[in-house]
Amino acid sequence: MVRASGSLSPPSYFILAGLLDGPRHGYGIIKQAAELSDGRVRLTAGTLYGALDRLAEEGLILADRQEVVAGRTRRYYRLTDHGVQALHREAARMEQAARVVTRRSGSAVTTPRLA
Amino acid sequence: MSGRLRRRYQRLLVTYPPAYRRAHGEEMIGTLLDAAQPNQQLPAPREVASLLLGGLRTRARQAAMESPRRLWTDGLQLGVLLIVLVNLGHALHSPLPFPLWIALVALGALAVLRGWARTALLATAVTALAAARPLLPQVSLPWWLPGYGDWSVVARYAVPAVVLAVLAWPGMGRPQARSWWWLLLPAAAALPLEGQAWALAQASLEVGLLLVVLVVTVGALDPRPAIGAAMYLAPGVVHAVEESITPGTPSTLELGYWAGLAALMVALAVVAWRARRRQLRQREP
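Criteria and cut-off values
Residues numbered from 1 in each chain as written. Chains lettered and ligands numbered in written order. Predicted model: local features only at pLDDT ≥ 70, side-chain atom pairs only at ≥ 80, totals over all residues. Helix = DSSP H or I, 4+ residues; strand = E, 2+ residues; numbered from the N terminus. Contact = placed C-beta atoms within 7 Å. Pairing = 2+ DSSP bridges. Nonpolar A, V, L, I, M, F, W, Y, C, P; charged D, E, K, R; others polar. Expected span 1.5 Å × (residues − 1). Buried ≥ 20, exposed ≤ 12 C-beta atoms within 10 Å, placed from the backbone.

A. Geometry of the overall build of chain A. For chain A, the helix and strand inventory stands at four helices and three strands. Helices and strands appear in chain A in the N-to-C order α-β-α-α-β-β-α. Looking at chain A alone, contacts between residues at least 24 apart form 46% of all its contacts between residues at least 6 apart.

Structure follows, in structure tokens:
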């Protein structure tokens, strides 16, 4: 979901990132989000579908197709162009935010401590 | 293995709005079953918590998109439905020798359940007039209708008629057809219980429904259950007031009980409306 600040929440970020390679169904998105986040984002079905609804409302994803496998319904979701742009914007924002800290931490190491 | 687990997850989806369940229920079940361990029989606790919360959040999002007119129509219909179903339960529990009267009460309940506002108005208006007959001597009704002499019973029949007159107004939203499961309520009210057991069963049902109202109103920021519950409690408050002003009737406890419930309902409705306004402000660009 896009927050008031314009940034994406971590679950939404990893859901969108998981769709960069192509459409995925619900469980595929859960597995991919866990893998991409090194297990930090463990989505439940309630959280996943709440996030998918909001992302669809915001025009970042679309329902792609539906199939039934072994009696289980699977609907695939894919990124829209707007979703790709939002994801890249968020990645750039986080990269810039990370640089602020890593650059200063680097200089802090070389700066002698006063105490 | 998945048959039992599927049914358990299906039951948990009841917190989601019916239309949402129809659109996404099967897909969600499929995802939940894909994520389950082999031979898993019970839903995972974190999935249970997430589904309950997710359902309430989905309801909140949908309620925020409804127009105030729709919210009022649904809330008032819910209140009328509760009263007419309990009336039907009472009529079946201790049947008076007036089969046509019982049929009329049943017709009123069925019409409210199916969203037929005008039919419901007609049926409830006749039962309300009949119930009030001893208090209105100039009104003469046929022999096949009973009359009641106390205001609390009259209120139980008159409140639905008045509210249905509002709901039948062309400017109001059209009441929706409700689930047949609601008929369990008069069935429970008609159980052959007497005395203290009857009072206890009724109070337990009321408190149970009130807890559902509390969860839905606060969790889903939806004022409709609070509007409905406040309406359902109105005849009870009339009864408590009537008891309290009758000499020699020690009913302070009962008055306090009903007044407390009514105050809680009003507070819930205020909380829900404020939350809704806040939510609408957040949605504004």
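B. Structural detail: the sheet that holds strand β2 (residues 61–69) of chain A. With respect to topology, three strands assemble into an open sheet ordered β1-β3-β2 (chain A), the strand pairing being antiparallel. Of all the strands in the sheet, the pair left with one neighbour each is β1 (24–25) and β2 of chain A.

C. Expanded view of the pairing of β2 of chain A. All names here are of chain A. The pairing of β2 with strand β3 (residues 72–79) spans eight bridges and is antiparallel. If you follow V69 over to β3, its bridge partner there is R72. With antiparallel pairing between neighbouring strands as the criterion, β2 and β3 make up a hairpin whose turn holds two residues, including A70 at a positive phi of roughly 50 degrees.

D. A look at the interface of chain B and chain A. Across the boundary between the two partners, chain B contributes 18 residues, which contact 13 residues of chain A. Here the side of chain B that touches chain A takes ten residues from helix α2 (residues 18–35) of chain B, the largest share from any one element. Looking at side-chain class alone, the side of chain B that touches chain A contains six nonpolar, six polar and six charged residues.

E. Spatial organisation of unusual backbone geometry. Backbone geometry places A70 of chain A, a non-glycine residue, at a positive phi of 50 degrees. With respect to the helices and strands, the residue A70 of chain A is situated in the loop between β2 and β3. Although it is not a glycine, N39 of chain B sits at a positive phi angle of roughly 65 degrees. Positionally, N39 of chain B belongs in the loop between α2 and α3 (45–65).

F. Layout of α3 of chain B. Taking 1.5 Å of rise per residue, the 21 residues of α3 of chain B would be expected to cover 30 Å, and the 31 Å separating its terminal C-alpha atoms lies within 8% of that figure. Of all the residues in α3 of chain B, the buried ones are E47, S50, L51, G54, G55, L56, R57, T58, R59 and A63 of chain B.

G. Highlighting the environment of R114 of chain B. Residue and element names in this part refer to chain B. By secondary structure assignment, the location of R114 is in helix α5 (residues 99–114). Look at R114 and you get partly exposed, because 15 C-beta atoms sit within 10 Å. In sequence terms R114 and R178 are 64 residues apart; their C-alpha atoms lie 5.9 Å from each other.

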